[in-house]
Amino acid sequence: MKRFSFALAVLFMVAAAAVSAQDKRVTILNFVNATGDEANSALTTTTQSIIDSGIRYIGIFKVLPTPSFAIGIDAKTLKEYAGLTGSEYIIYGSFSTPKKGPSLLEGHLYNLSDGSIFTAKEEVENVLDIFSASDSLSLSILSKLHNMKIAYGTISLGDEKNPGKFDVYVNDVLAGSSVMTIANIPDGYKNVRVVSRSGDNDGTVVFND
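Conventions we followed
- Residues numbered from 1 in each chain as written.
- Predicted model: local features only at pLDDT ≥ 70, side-chain atom pairs only at ≥ 80, totals over all residues.
- Heavy atoms only, no water.
- Helix = DSSP H or I, 4+ residues; strand = E, 2+ residues; numbered from the N terminus.
- Buried < 20%, exposed > 50% of the residue type's maximum accessible area, 1.4 Å probe, protein only.
- Expected span 1.5 Å × (residues − 1).
- Pairing = 2+ DSSP bridges.
- Axes fitted to C-alpha atoms, helices over the stretch in contact; angles between N-to-C directions.

## A word on unusual backbone geometry
Phi is positive for D172, which is not a glycine, with a value near 65°. Mapped onto the secondary structure, D172 falls in the loop between β9 (166-170) and β10 (173-177). Looking at D172, the relative accessible area reads 51%, which means it is exposed. One non-glycine residue, N184, lies in the positive phi region at around 55°. When you line up the elements, N184 lands in strand β11 (residues 181-186).

Have a look at this one:
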């Protein structure tokens, strides 16, 4: 357990050397719910969101805005779209229910430099598998994108004076507001900053992880 004052500018561990960030650009297309059940859209949206935030937390790649229109996912169209947007990588995926077997969550990473498409698949047999499948798939995509094995961690914290009245930034990306636990944080050194939402910066924050 560690205690920090709001007055500190940097509250956690900082990477020793700055990487030439933002030199590689990634577009994340909307993950498609192909099951016909609108309730499953929460899974596709969650998976897309976890991948997006994971890339931003690590901070080596720049995530481009998700397009509001659909594009084809054949190699030719992906190449053309990447060229038009300046994307080195395109991430997309879907959740489907085959006629036989369990439901399937899929994620794909298109690499413009060599035209390759990396695919990760997770089976979902029941509702209890949904979030673990989402985590596993997003970790596979992030690990392939960054060319290193990545795991997720959790930050648990609380404001002893005003519980929940603060914003938490990880590598200057807003990770949560008015929450006591922030999950799906990729491992490695991070700059974690806590900012009071009340304007009173003399509170105490307790980091439990």
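## Remarks on helix α1 (residues 41-58)
The end-to-end C-alpha distance of α1, which contains 18 residues, comes to 26 Å, matching closely the 26 Å that a straight helix rising 1.5 Å per residue would cover. Most of α1 is tucked away: 13 of the 18 residues are buried. Residue G59 follows α1 closely and has a positive phi angle near 85°.

## Some remarks on the sheet that holds β10
Pairing within the open sheet is antiparallel, and its three strands lie in the order β10-β9-β12. Strands at the two margins of the open sheet, each flanked by one partner only, are β10 and β12 (192-196). Each strand axis lies, on average, 25° off the axis of its neighbour in the sheet, ignoring direction. Where β9 lies against β10, four bridges are found, and the strand directions are antiparallel. Across the sheet, V170 pairs through a bridge with V173, a residue of β10.

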